[in-house]
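Examination of the molecular architecture
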Amino acid sequence: RVRLSVVLPAGMIAWHPDDGLVESGRLILHVPLFTATMALTRVGNLVLRMRPGRIHWADYSFPHTVFNADTMLPRVHLIVDVSARGNEDFARHFLEPLDSEKRRVFLEDSSGPLGTRFARPLAQRMSSVFGQMLGEERDEWERAAWEEVLLHQLSPADSE
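Here goes a summary of the coordinates provided. (Residues numbered from 1 in each chain as written. Predicted model: local features only at pLDDT ≥ 70, side-chain atom pairs only at ≥ 80, totals over all residues. Heavy atoms only, no water.)

1. As for the overall build of the protein
- Of regular secondary structure, the protein possesses five helices and eight strands.
- Its helices and strands taken in sequence order, the protein reads β-β-α-β-β-β-β-β-β-α-α-α-α from the N to the C terminus.
- Burial analysis of the protein (160 residues in total) assigns 34% to the buried set.
- Within the protein, residue pairs in contact and separated by at least 24 positions form 78% of the contacts whose partners lie at least 6 positions apart.
- Looking at the protein as shown, the accessible area adds up to about 9,800 Å², and 59% of this sits on carbon and sulfur atoms. (Helix = DSSP H or I, 4+ residues; strand = E, 2+ residues; numbered from the N terminus. Buried < 20%, exposed > 50% of the residue type's maximum accessible area, 1.4 Å probe, protein only. Contact = heavy atoms within 4.5 Å. Areas by Shrake-Rupley, 256 points an atom, 1.4 Å probe, with all protein chains shown as cover.)

2. Let's talk about the sheet that holds strand E6 (residues 56-57)
- The antiparallel open sheet is built from four strands, whose spatial order is E1-E8-E3-E6. With partners counted over all chains shown, the strands left at the sheet margins are strand E1 (2-7) and E6, one partner each.
- Of the strand pairs in this sheet, strand E3 (residues 26-34) and E6 are connected by two bridges, and their pairing is antiparallel. For His30, the partnering residue across the bridge sits in E6 and is His56. (Pairing = 2+ DSSP bridges.)

3. Some details on the pairing of E3
- Two strands pair when backbone bridges link them, and E3 and strand E8 (residues 75-83) are joined in this way by eight bridges, in the antiparallel orientation. Looking at the pairing, Ile28 lines up with Asp81 of E8.

4. Quick notes on the sheet that holds strand E2 (residues 12-16)
- The four strands lie next to each other as E2-E7-E4-E5, forming an open sheet whose pairing is antiparallel. The outermost strands of the open sheet, each flanked by one partner alone, are E2 and strand E5 (46-48). Each strand of the sheet is rotated relative to its neighbour by a mean of 20°, with strand direction disregarded.
- In terms of strand pairing, E2 meets strand E7 (residues 64-68) through three bridges, oriented antiparallel. Bridge assignment links Ile13 to a residue of E7, and that residue is Val66. (Axes fitted to C-alpha atoms, helices over the stretch in contact; angles between N-to-C directions.)

5. Focus: a nonpolar patch on the surface
- The grouping of Leu4, Val6, Leu8, Leu33, Phe34, Met72 and Leu73 at the surface amounts to a nonpolar patch, some 720 Å² of accessible area in total.
- Mapped onto the nonpolar patch, the elements with two or more residues apiece are E1 and E3.
- Take Leu73: it is sitting in the loop between E7 and E8.
- We classify Leu73 as partly exposed; its relative accessible area is 35%. (Patch = residues over 30% accessible without salt bridge, like charges linked within 9 Å, V, L, I, M, F, W, Y side chains within 5 Å. Salt bridge = Lys/Arg side-chain N within 4 Å of Asp/Glu carboxyl O.)

6. Comments concerning the pairing of E7
- Across the five residues that make up E7, a large majority, five, are buried.
- On E7, burial covers both faces: His64, Val66 and Asn68 on one face and Thr65 and Phe67 on the other are all buried.
- The sheet contact formed by strand E4 (residues 39-43) and E7 spans five bridges and is antiparallel. Paired with Thr41 across the two strands is Val66, which belongs to E7.

See the structure below:
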């Protein structure tokens, strides 16, 4: 599946996990087509700036959110779902060039290490309960949290 994700200036995508990725052997790849410097993705506590000209991957089965702090430019990503298990083209073009240790880690058993097996469902449940508790105030709270991240951790000059 391929789709476009557009986050308008000052726009946000609320915290959510993508269900079924690990179980189905799917990966989600982001290809930024056009993006603002202040368009940020947060996966757990990782804050990422996804630069154009690269393919980006993260474990989106963990709760994640997007905030475009730019007031003029949108963030436009091509998002590609890849079925990695049993995909010969994917193996030939993306996995085989990796050294054997990186490949092993990448293809680890779908249940993952104990910490991941524990953390993933806990994080998904926390994200769900968080949304239920805040209700209509959720977007306002998330926007304020993003502004704190921008104010204290990142600056516009932090471009690479």
